[in-house]
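Observations on the model geometry
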Amino acid sequence: MKKKILYITFSIVVCLVIGFVSSSVTQSAVNTWYVTLNKPSFNPPNTIFAPVWTVLYVLMGISAGLVWLRGLHHKWVKTALYHFVFQLLLNAAWSIVFFGLKKPFLALLVIIGLIVMLLFTIKWFKIVNKIAAYLLVPYLMWLCFATVLNYKIWMLN
């Protein structure tokens, strides 16, 4: 039980740190550049993003921790976690490209790649631990919404 708590806690912390680092790039642009953009009618208020991402990062961390618990000596676990780490890096890259570089079209390409990588991650997580895979579904749904939002912002600007 201690091992389970340790792995899950560590995984949550890693996900939250990645989220925090990428949000530092986001924060400066949200109050300057982002407010000047034309946005679609379904754009949520800015106050929604931080709580949603916090919940998603926690779910991602729990999910990764459950997979990691199966043991890094297993080929499937390593494969699943490699995919997870890569999608997490793409997640951070999206914030850097969209908010840091202020490049919505390039960010759209990044988020499409992120969704593809997340689908592979879910596939591999499902092989290792079905619950871990299902915990990533809200993240996938949010990314699909974010992709449409990203596309509409690019089109409107």
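See above for the structure.
Residues numbered from 1 in each chain as written. Predicted model: local features only at pLDDT ≥ 70, side-chain atom pairs only at ≥ 80, totals over all residues. Heavy atoms only, no water.

**Points about unusual backbone geometry**
Apart from glycine, the bulk of residues carry a negative phi angle, and the bulk of peptide bonds sit in the trans form. With phi around 60°, Lys-102 is a residue other than glycine that occupies positive phi space. Among the structural elements, Lys-102 can be located in the loop between helix 3 (75-100) and helix 4 (104-128). (Helix = DSSP H or I, 4+ residues; strand = E, 2+ residues; numbered from the N terminus.)

**Comments concerning helix 6 (residues 137-156)**
Two residues of an α-helix separated by three or four positions point the same way, owing to the 3.6 residues in each turn. The end-to-end C-alpha separation of helix 6 is 29 Å, in line with the 28 Å expected for 20 residues at 1.5 Å each. Within helix 6, the full set of buried residues consists of Tyr-139, Leu-140, Trp-142, Leu-143, Ala-146, Thr-147, Leu-149, Asn-150 and Ile-153. Looking at the packing, one finds that the buried side of helix 6 touches helix 2 (46-68), helix 3 and helix 4. (Expected span 1.5 Å × (residues − 1). Buried < 20%, exposed > 50% of the residue type's maximum accessible area, 1.4 Å probe, protein only. Contact = heavy atoms within 4.5 Å.)

**Notes on the packing of aromatic side chains**
Evaluated as defined, the whole model comprises 18 aromatic pairs. An angle of 65° between the planes, with centres 6.0 Å apart, marks the rings of Phe-42 and Phe-145 as edge-to-face. Taken together, the positions of Phe-42 in the loop between helix 1 (2-30) and helix 2 and Phe-145 in helix 6 put the pair 103 residues apart, joining distant regions of the chain. Here a set of aromatic residues connected by ring pairs shows up, and it is made of Trp-33, Tyr-34, Trp-94, Phe-98 and Phe-99. Over the ring of Tyr-34 we find Lys-39; its NZ or CZ atom is 4.7 Å from the centre of that ring. The positively charged end of Lys-75 is found above the aromatic ring belonging to Trp-76, 5.3 Å away from the centroid. (Phe/Tyr/Trp six-rings, centres within 6.5 Å; stacked < 30°, edge-to-face > 60°. Lys NZ or Arg CZ within 6 Å of the ring centre and 35° of its normal.)

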